[in-house]
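Understanding the architecture of this molecule
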Amino acid sequence: YHRIMLGLSTMDIFFTFFAFVLGSWPMPKGSFPWAVGSIASCDVVAFIVAVGQLGSPLYNCSLASFYSLQLKCNWTDRKMKKAEKWFHIVP
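What counts, and where the lines are drawn
Residues numbered from 1 in each chain as written. Predicted model: local features only at pLDDT ≥ 70, side-chain atom pairs only at ≥ 80, totals over all residues. Heavy atoms only, no water. Helix = DSSP H or I, 4+ residues; strand = E, 2+ residues; numbered from the N terminus. Buried < 20%, exposed > 50% of the residue type's maximum accessible area, 1.4 Å probe, protein only. Contact = heavy atoms within 4.5 Å. Areas by Shrake-Rupley, 256 points an atom, 1.4 Å probe, with all protein chains shown as cover. Lys, Arg positive; Asp, Glu negative; His and termini not counted. Charge placed at Lys NZ, Arg CZ, Asp CG, Glu CD. pLDDT = per-residue confidence, 0-100. Expected span 1.5 Å × (residues − 1). Axes fitted to C-alpha atoms, helices over the stretch in contact; angles between N-to-C directions. Parallel < 35°, antiparallel > 145°, perpendicular 65-115°, else oblique. Left-handed = near helix turned anticlockwise from the far one by under 90°. Nonpolar A, V, L, I, M, F, W, Y, C, P; charged D, E, K, R; others polar. Core = buried A, V, L, I, M, F, W, Y, C linked by side-chain atoms within 4.5 Å.

Before going further, it helps to examine the overall build of the protein chain. Helix and strand content of the protein chain: three helices and zero strands. Counted from the first residue to the last, the protein chain has its helices and strands arranged as α-α-α. Taken along its principal axes, the extent of the C-alpha atoms in the protein chain is 60 × 15 × 15 Å. For the protein chain, the residues scored as buried account for 25% of the 91 residues in total. A separation of at least 24 residues holds for 50% of the contacts in the protein chain among residues at least 6 apart in sequence. Total accessible area on the protein chain stands at roughly 6400 Å², and carbon and sulfur atoms take up 71% of it. On the protein chain, the mean spot of the 8 positive side-chain charges and the mean spot of the 4 negative ones are 11 Å from each other.

The following block contains the structure:
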């Protein structure tokens, strides 16, 4: 549970920081007000935002699956520990 929540929080922080806090700073100079970056910095930030934007809902589904297996299917902690790695590999 805690590791899945850590993954979810990390994805949320990536998305929030790079999309909203940095805003237009990484964009190429002259393309937008307050833009001071380059095409490379814009591409890097866009990739990180995309990973965060995709990772958050996927980790949320992993968390829902985790609780579904544990509560509805009565999986033991040992069985959940084996399955948890798949929640990080394929959320």
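In the predicted model, the protein chain carries a mean pLDDT of 88, and 99% of its residues have values of at least 70. When pLDDT is averaged over each element of the protein chain, helix α2 (residues 39–72) comes out on top at 90 and helix α3 (residues 77–89) at the bottom at 87.

Quick look at α2 now. With 34 residues, α2 extends 49 Å from end C-alpha to end C-alpha; this agrees with the ideal 50 Å at 1.5 Å per step. Regarding α2, the residues found buried are V45, V49, G52, G55, S56, Y59, S62, L63, F66 and L69. Buried-residue contacts for α2 involve α1 (2–21) and α3. Within two residues after α2, N74 carries a phi angle of roughly 55 degrees, on the positive side.

Next up on the list: the packing of α2 against α3. Pairs of packed helices are described in terms of their axes, by the angle between the two and the distance that separates them. It is at 11 Å that the axes of α2 and α3 come closest, and there the two elements cross at 165 degrees. One way to sum up the angle between α2 and α3 is to call them roughly antiparallel. The handedness of the crossing between α2 and α3 is right-handed. The residues of α3 that touch α2, namely those facing Y59, S62, S65, F66, L69 and Q70, are D77, M80, F87 and H88. Within the contact of α2 with α3, the residues separate by chemical class into five nonpolar, four polar and one charged.

Further remarks concern the nonpolar core. Counting residues in each nonpolar core, the largest one holds nine residues, listed as I4, L8, M11, Y59, L63, F66, L69, M80 and F87. Mapped onto this core, the elements with two or more residues apiece are α1, α2 and α3. When residues in this core are grouped by element, the largest group, four residues, is from α2. Excluding its chain neighbours within four sequence positions, the residues that come into contact with M11 are V51, G52, G55, S56 and Y59.

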